[in-house]
Amino acid sequence: MKKISKTWMAHGLVMALVFALPAWAAEPEAPTTKKTSKTVVSASSEKSPAPQGPVELLPGIDLSTGKSTLLKLAEPALRISIGNPDVADVTLINAKEVYVLGKKTGITNLIVWSANGKTTLRDVAVGLDTGMLQSRLAKWVPTAEPLMVDVMADTVVLRGRVPDATKVQRIVSLAEAYNGGKKVINMLRVEGSQQVMLEVKVAEVSRTLLDELGVDINLTRTAGSTSVSLLSQFLTSGATALTTARANGMTTITLTAEMKKGLVKILAEPTITAISGQEGSFLAGGKIFIPVPQGGTSNAITLQEKEFGVGLSFTPTVMEEGLINLKVTPEVSELSQLGATVKALNGQVSVLPSITTRRASTTVQLRDGESFAIGGLIKSNVSEAIRALPVLGELPVLGALFRSNAFQTEKSELLFVVTPRLSKTSDVPLALPTDSFKPPTRAEFMVEGLMEKPPAVPTEQPPSSPSEAAPAVAPKP
């Protein structure tokens with residue numbers, strides 16, 4: 001039995017070698033050189049990406065400086081790229097989430113390549129935190145409608161409606177402070193009337209009193225060959241004179257006396273309208289030119305322009321709740337009757353015109369229709385002058401013949417009444433002073449002496465029919 005089993009084992013080995021030798025002969029030899037390859041790992045799989053298609057533009061991303069957001073992607077991303085890393089920073093959290101951080105004010109873009117070959121492009125704008133600024137403006141300066149705050153590059157843009165100009169100034173100042181002093185574009189609209197009409201009444205009463213008394217004595221005496229004359233010329237500019245003279249003409253006495261009383265009333269009512277924050281001015285008067293020497297070798301003289309009359313300048317500012325801040329400067333000036341005497345180097349005397357001016361300047365706050373008065377501008381001048389002959393003019397009774405007296409007093413009072421009003425448009429046509437003027441006919445002018453036709457008196461016309469009359473009231477039963 002042992003011999004038979006060994007024989008079968010030997011036959012089996014031989015049969016295995018016979019079947020294995022043809023298979024070994026058919027296999028090619030493996031190369032001896034080693035090949036190296038790099039594996040690209042994407043966010044989705046280790047397979048090679050599909051061919052990329054056209055770039056698709058998606059809505060942009062708005063960020064605030066120092067704040068971040070998480071961007072959700074519709075498709076798995078293979079890789080991402082940011083245009084300007086100084087403006088924003090991006091990090092791929094996973095295949096469908098991108099972390100975006102705003103670093104600096106500016107604009108850049110974000111490109112995302114997907115594994116299926118799709119490419120998307122988004123704009124990334126980094127600016128100020130407009131939401132924080134808008135909430136603070138709503139807290140500090142409340143308005144009826146919420147304000148809109150936008151950012152363009154590093155500039156803040158304000159939009160909305162504000163009730164008055166004072167709130168506009170506050171909002172712009174706060175926005176500039178929030179933006180670090182950079183430019184702020186004001187696109188706010190101010191509601192309500194922003195034009196102020198100023199009504200000014202100027203009233204002045206001036207009284208003048210002048211008393212003058214003067215004596216002129218001319219005495220001539222002759223003793224032999226000697227002649228003695230006494231001449232005292234103290235005459236004033238009086239219009240009334242009384243003269244006494246002897247027939248021989250050697251004695252002449254002239255007495256002058258005058259009394260003047262004057263009353264002047266000035267009333268002006270200028271009305272002018274100006275926009276809130278802008279200056280308005282008014283002048284009812286004239287101009288004169290005063291010569292001014294320039295000096296030097298040429299002795300040139302130039303003319304300087306001066307204005308006189310009733311003038312007014314004001315700057316209104318419409319504040320909240322209809323309050324009007326008003327800076328007003330009224331002025332009344334007139335030409336002086338005396339003038340200024342100037343003596344040149346060559347001895348020539350010139351009288352230059354002078355202007356008497358009364359001016360007031362103040363700043364008040366009023367409401368529409370309220371008035372304030374500026375008074376106390378009172379002028380009282382008293383001047384006395386005596387011209388006399390020494391010693392003789394001081395005698396108790398006869399001294400009046402050797403002196404002249406002049407007494408002048410001048411008093412004036414000026415009053416300003418100022419009333420600001422918020423101007424509004426009116427559909428009613430304005431009446432002109434010339435609307436009621438009608439020239440007279442030749443007969444009315446030559447015979448009746450009329451300068452214009454008298455206004456027509458309206459007459460009441462009776463009703464033409466009984467139906468137009470007032471209905472009768474039936475008595476109660």
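Thresholds, definitions, all that
Residues numbered from 1 in each chain as written. Predicted model: local features only at pLDDT ≥ 70, side-chain atom pairs only at ≥ 80, totals over all residues. Heavy atoms only, no water. Helix = DSSP H or I, 4+ residues; strand = E, 2+ residues; numbered from the N terminus. Contact = heavy atoms within 4.5 Å. Areas by Shrake-Rupley, 256 points an atom, 1.4 Å probe, with all protein chains shown as cover. Pairing = 2+ DSSP bridges. Axes fitted to C-alpha atoms, helices over the stretch in contact; angles between N-to-C directions. Buried < 20%, exposed > 50% of the residue type's maximum accessible area, 1.4 Å probe, protein only. Core = buried A, V, L, I, M, F, W, Y, C linked by side-chain atoms within 4.5 Å. Expected span 1.5 Å × (residues − 1). Salt bridge = Lys/Arg side-chain N within 4 Å of Asp/Glu carboxyl O. Left-handed = near helix turned anticlockwise from the far one by under 90°. Patch = residues over 30% accessible without salt bridge, like charges linked within 9 Å, V, L, I, M, F, W, Y side chains within 5 Å.

1. Brief notes about the overall build of the protein
- In terms of regular secondary structure, the protein is built from four helices and 25 strands.
- Long-range pairs, those at least 24 residues apart, make up 63% of the contacts in the protein with a sequence separation of at least 6.
- Carbon and sulfur atoms provide 58% of the accessible area of the protein, an area that totals close to 33,600 Å².

2. Concerning the sheet that holds strand β10 (residues 155-162)
- If you trace the three strands from one edge of the open sheet to the other, you get β9-β10-β11, paired in mixed fashion. A strand with exactly one partner marks an edge of an open sheet, and here the two such strands are β9 (148-152) and β11 (184-190). Sheet twist, expressed as the mean angle between neighbouring strand axes with direction ignored, is 15 degrees.
- Of the strand pairs in this sheet, β9 and β10 are connected by five bridges, and their pairing is antiparallel. The partner of Val-149 across the bridge, within β10, is Leu-158.
- Across the sheet, helix α2 (residues 130-140) is in contact with β9 and β10; its angle to β9 comes to roughly 145 degrees.
- Seen against the sheet, helix α3 (residues 165-178) touches β10 and β11 and runs at an angle of roughly 160 degrees to β11.

3. Quick look at the environment of Thr-341
- The residue Thr-341 is located in strand β20 (residues 340-343) in this model.
- Judged by its relative accessible area of 59%, Thr-341 falls in the exposed class.
- Taking C-alpha positions, Thr-341 is 8.9 Å from Pro-353, a pair spaced 12 residues apart along the chain.
- Contacts of Thr-341, omitting those with residues within four sequence positions, involve Val-349, Ser-350 and Val-351.

4. A short note on the nonpolar core
- Core analysis: the biggest nonpolar cluster contains 19 residues, and Leu-198, Val-202, Phe-314, Leu-326, Val-328 and Phe-372 have the highest contact counts within it.
- Contributing elements (two or more residues each) for this core: β12 (195-223), β16 (271-275), β18 (300-318), β19 (323-335), β24 (372-388) and β25 (403-422).
- If we skip the residues at most four places from it in the chain, Val-328 touches Leu-198, Leu-312, Ser-313, Phe-314, Ala-360, Ser-361, Thr-362 and Phe-372.
- Within the second largest apolar cluster, 15 residues are counted, among which are Ile-61, Leu-63, Ala-77 and Ile-82.

5. Some thoughts on α3
- Between its terminal C-alpha atoms α3 stretches 20 Å, which fits the 20 Å expected from 14 residues at 1.5 Å a residue.
- Among the residues of α3, those classed as buried are Ala-165, Thr-166, Lys-167, Val-168, Ile-171, Val-172 and Ala-175.
- Contacts from the buried residues of α3 go to α2, β10, β11 and β18.

6. Some thoughts on the pattern of salt bridges
- The tally for this structure, following the rule as stated, stands at seven salt bridges.
- Of the charged contacts in the structure, one is a salt bridge between Arg-421 and Glu-199, with a shortest N-O distance of 3.4 Å. Placement of Arg-421 in strand β25 and of Glu-199 in strand β12 is noted, with a sequence separation of 222 residues between them.
- Accessibility expressed as a relative area gives 32% for Arg-421, which makes it partly exposed.
- A relative accessible area of 28% places Glu-199 in the partly exposed class.

7. Description of the packing of α2 against α3
- Packing of α2 against α3 brings their axes to within 11 Å, and their N-to-C directions diverge by 145 degrees. Of the two elements, α2 crosses α3, and the hand of that crossing is right-handed. Across the interface between the two elements, Met-132, Leu-133, Arg-136, Leu-137 and Trp-140 of α2 pack against Ile-171, Leu-174, Ala-175 and Tyr-178 of α3.

8. With respect to the sheet that holds strand β3 (residues 68-72)
- Spatially, the three strands line up as an open sheet ordered β3-β6-β5, and their pairing is antiparallel. Where the open sheet ends on each side, the last strands, each with one partner, are β3 and β5 (88-94). Shown here is a sheet whose adjacent strand axes are inclined to one another by a mean of 25 degrees, direction ignored.
- The sheet contact formed by β3 and strand β6 (residues 97-102) spans five bridges and is antiparallel. Of the residues in β6, the one forming a bridge with Lys-72 is Glu-97.

9. Section: the pairing of β5
- Both β5 and β6 contribute to a ladder of six bridges, which runs antiparallel. Within β6, the residue paired with Thr-91 across the bridge is Tyr-99.
- Hairpin connection, β5 to β6: the antiparallel pair is bridged by two residues.

10. So, the side chain of Thr-155
- Tracing the chain through its elements places Thr-155 in strand β10.
- Assessed through its relative accessible area of 15%, Thr-155 is described here as buried.
- When sequence neighbours within four positions are dropped, the list of residues in contact with Thr-155 reads Asp-150, Asn-179, Lys-183, Val-184 and Ile-185.

11. Re a nonpolar patch on the surface
- A contiguous nonpolar patch, built from Phe-445, Met-446, Val-447 and Met-451 and spanning about 500 Å² of accessible area, is present on the exposed surface.
- Within the secondary structure, Phe-445 sits in helix α4 (residues 442-446).
- Exposure remark for Phe-445: the relative accessible area of 44% places this residue in the partly exposed category.

12. Considering the environment of Ile-82
- Residue placement: Ile-82 occurs in strand β4 (residues 77-82).
- Considered as a pair, Ile-82 and Ile-111 are 29 residues apart in the sequence and their alpha carbons are 6.5 Å apart.
- Other than its neighbours up to four places away in sequence, Ile-82 contacts Ala-88, Val-90, Thr-108, Asn-109, Leu-110 and Val-124.

13. Let's talk about the environment of Thr-69
- The topology assignment puts Thr-69 in strand β3.
- Classification of Thr-69 by relative accessible area gives partly exposed; the value is 30%.
- Considering only alpha carbons, one finds Thr-69 and Leu-101, 32 residues apart in sequence, at a separation of 6.6 Å.
- If near-sequence neighbours (up to four positions away) are discounted, Thr-69 is found in contact with Ile-61, Leu-63, Val-98, Tyr-99 and Val-100.

Note that all results are geometric; they support no functional claim without further evidence.
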